[in-house]
Amino acid sequence: MPKFAANLSTQFNEYPFAERFAAAAEAGFTAVEFLFPYDYPAAQIKQWLDENLLQLVLFNTAPGNVAAGEWGVSAIPGREAEAKADIDRALSYALALNCPQVHIMAATVPPGADRQRYVETFISNMRYAAERFAPHGISLLIEALNPVTKPNYLYASQYQTLEMVEQIDRPNVFTQLDLFHAQRVDGNLSHLIRHYAGRYRHVQIASAPDRHEPDEGEVNYPWLFSLLDEVGYSGWVGCEYIPRGDTNAGLSWFAPWKLKA
């Protein structure tokens, strides 16, 4: 049965971040994910998790200078020291928060830049990260982002990230299958779920094309949830969608799964 994690970066934005943990728990979630923890001490986040009996299942490495168009630095040539520092900081948070997996953000590639240099830099930094996280049993994830939502990101297609994992060649590195991004770029979601089962370690959902609750749009999510069960997926399904309005008002889709989460 699918296990759903609330995304506290996109959901429950009616509340300050500190209050979203309680709001997610009250809505019936037993796990959460979010983009970045670094604005808060790990001990403070741990307190919010423990107070609400929540498990943290995913967060990202730091994004770099977002105002300048960055979205991760681990693929930027010449920024290796910064990338490794971000990786080490993410590891310290993962250990403090008992988080089983971390998404290592790559980078956007400026128009005209040598993409292969970015690829080679990212592979090198990912191998460093894999070796740092492996002794602690923590998985690393990489994620394809569609070019409408995140132009010029290092990879847009699920097949690019699958190939990247092969090149990184480390046993604790997997893909993050965001079905919203996959539908916008690759389609044929049932093929991705079936054929690559075991190679993705985390799934995220949102309607396509509008990125709202998974009860609208062109993707039949109840069918895909059953398919994930069929292929034996036992990981979490992160709700990285932007609510149409009030978060709780849009959770009717979650009702059949609430007691199973």
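Residues numbered from 1 in each chain as written. Predicted model: local features only at pLDDT ≥ 70, side-chain atom pairs only at ≥ 80, totals over all residues. Heavy atoms only, no water.

- The protein chain carries the name HPr family phosphocarrier protein in an unreviewed UniProt entry, which gives Candidatus Pantoea gossypiicola as its organism.
- The protein chain has a UniProt comment under Sequence similarities (unreviewed entry) that states "Belongs to the hyi family." (UniProt positions renumbered as here; feature names shortened; annotations may be inferred.)

**Considering the sheet that holds strand 3 (residues 55-60)**
Step number 1: Pairing within the closed barrel is parallel, and its eight strands lie in the order 1-2-3-4-5-6-7-8. Within this sheet the neighbouring strands show an average axis-to-axis angle of 30°, counted without direction. (Pairing = 2+ DSSP bridges. Helix = DSSP H or I, 4+ residues; strand = E, 2+ residues; numbered from the N terminus. Axes fitted to C-alpha atoms, helices over the stretch in contact; angles between N-to-C directions.)

**A look at the packing of aromatic side chains**
Step number 1: Per the stated rule, a full pass over the model turns up 22 aromatic pairs.
Step number 2: On the numbers, 6.0 Å between centres and 85° between planes, the contact of Phe 4 with Phe 254 is edge-to-face. Of this pair, Phe 4 sits in strand 1 (residues 3-7) while Phe 254 sits in the segment after strand 8 (236-239); the two residues are 250 residues apart in sequence, bridging distant segments of the chain.
Step number 3: Judged by its relative accessible area of 0%, Phe 4 falls in the buried class.
Step number 4: The class for Phe 254 is buried, based on a relative accessible area of 1%.
Step number 5: For the pair Tyr 153 and Tyr 155, a centre-to-centre distance of 5.5 Å together with 85° between the ring planes defines the contact as edge-to-face. An identical accessibility class is assigned to Tyr 153 and Tyr 155; each is buried.
Step number 6: Above the face of the Tyr 128 ring, Lys 84 is positioned so that its terminal group lies 5.1 Å from the ring centre.
Step number 7: Seen from the ring of Trp 71, Lys 150 lies directly overhead, with NZ or CZ sitting 4.3 Å from the centre. (Phe/Tyr/Trp six-rings, centres within 6.5 Å; stacked < 30°, edge-to-face > 60°. Buried < 20%, exposed > 50% of the residue type's maximum accessible area, 1.4 Å probe, protein only. Lys NZ or Arg CZ within 6 Å of the ring centre and 35° of its normal.)

**So, the pattern of salt bridges**
Step number 1: Inspection of the entire model under this criterion finds 12 salt bridges.
Step number 2: A cluster of three or more residues bridged by salt bridges with shared partners is formed by Glu 213, Asp 215, Glu 216 and Arg 244. (Salt bridge = Lys/Arg side-chain N within 4 Å of Asp/Glu carboxyl O.)

**A few points about helix 2 (residues 42-51)**
Step number 1: Within helix 2 the residues assigned to the buried category are Ala 42, Ile 45, Trp 48 and Leu 49. Looking straight down helix 2, one finds its buried side chains confined to an arc of 125°; they lie on one side. Of the exposed residues in helix 2, those oriented more than 90 degrees away from the buried face are Ala 43 and Glu 51.
Step number 2: Elements that come into contact with the buried residues of helix 2 comprise helix 1 (17-26), strand 2 (31-33), strand 3 and helix 3 (80-97).
Step number 3: After helix 2 finishes, the residue Leu 53 shows a positive phi value of roughly 55°. (Arc of directions from axis to C-beta. Contact = heavy atoms within 4.5 Å.)

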